[in-house]
Amino acid sequence: MDAAKNINNPVALETTSDRHEEHPDLRVLGLSAFLVSESLMFAGFFATYLLFRGGADVWPPQGTEVELLLPTINTIILVSSSFVIHLGDAAIKKNDVQGMQKWYKITAIMGAIFLLGQIVEYLTLGYGLTTNIFSNCFYLMTGFHGLHVFVGLLLILGVLWRSRRPGHYSATKHVGIEMAEIYWHFVDIIWIVLFTLLYILTQF
């Protein structure tokens, strides 16, 4: 009966619609909860790594040193991609779908280059996952982060695929784009911490 009354009453329909628009977007809330849980997991990795490092006389053990050149280039690429993907978000808020597509494509390329650089690093390190406790931590943390970068790439490609449909994204409808950007920023922040722990601090 109430639904029938609302159908015949435009004012009631408008009021009901306004109430729905006031509700928070559960997709963003779900992503935020997921990223908090992932942050706690990475925090566990970081704490374990620091515990092992604090109990070792020499860190990293001899034969498992890390080089800085390739990881530094990789870091510059990944961190820069955060600024690039933000340009895509800014473009869609101006109703510039083509601009968003351009910046998201560049971000995807930068992410792919990062993963390729990580693979090259793995192939040239000279030690493996089970060499010692440092190499075990190194491969687990960087590999797990690489998996998150790969998932981020899939999200970006998903946005690009959906954006082919006219009107799918606009200045007033772009939650999927924002979610991909938030996830990508998360991936970058985690990498900055990893780079500091595994590469910078091991030089001292």
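Residues numbered from 1 in each chain as written. Predicted model: local features only at pLDDT ≥ 70, side-chain atom pairs only at ≥ 80, totals over all residues. Heavy atoms only, no water.

**Focus: the layout of surface pockets**
Volume-wise, the largest pocket comes out at about 360 Å³. Around the largest pocket sit 15 residues that line it, and Arg27, Tyr169, Val175, Gly176 and Met179 are the ones nearest its centre. Of all the secondary structure elements, the ones that give two or more residues to the lining of the largest pocket are helix H3 (26-54), helix H6 (133-162) and helix H7 (175-200). When its residues are assigned to classes, the lining of the largest pocket shows seven nonpolar, five polar and three charged. (1 Å grid on protein atoms, 1.4 Å probe; cavity = no way out; pocket = protein on both sides within 12 Å on 5 of 7 lines; lining within 4 Å. Points joined across faces, edges and corners; volume = space filled by probe spheres on them. Helix = DSSP H or I, 4+ residues; strand = E, 2+ residues; numbered from the N terminus. Nonpolar A, V, L, I, M, F, W, Y, C, P; charged D, E, K, R; others polar.)

**Re the packing of aromatic side chains**
A full pass over the atoms with the stated rule returns 18 aromatic pairs. Between the aromatic rings of phenylalanine 42 and phenylalanine 45, the centroid separation amounts to 6.2 Å while the plane-to-plane angle is 65°, which identifies the pairing as edge-to-face. With a gap of three residues between them, phenylalanine 42 and phenylalanine 45 both fall in helix H3, about one helical turn apart. Assessed through its relative accessible area of 27%, phenylalanine 45 is described here as partly exposed. On the basis of an interplanar angle of 45° and a centroid distance of 5.0 Å, the ring pair of tyrosine 122 and tyrosine 139 is categorised as tilted. Taken together, the residues span a long stretch of sequence, with tyrosine 122 in helix H5 (residues 97-124) and tyrosine 139 in helix H6 at a distance of 17 residues. Note on tyrosine 122: relative accessible area 24%, which makes it partly exposed. The ring of tryptophan 161 carries the charged tip of arginine 164 above its face, separated from the ring centre by 3.6 Å. (Phe/Tyr/Trp six-rings, centres within 6.5 Å; stacked < 30°, edge-to-face > 60°. Buried < 20%, exposed > 50% of the residue type's maximum accessible area, 1.4 Å probe, protein only. Lys NZ or Arg CZ within 6 Å of the ring centre and 35° of its normal.)

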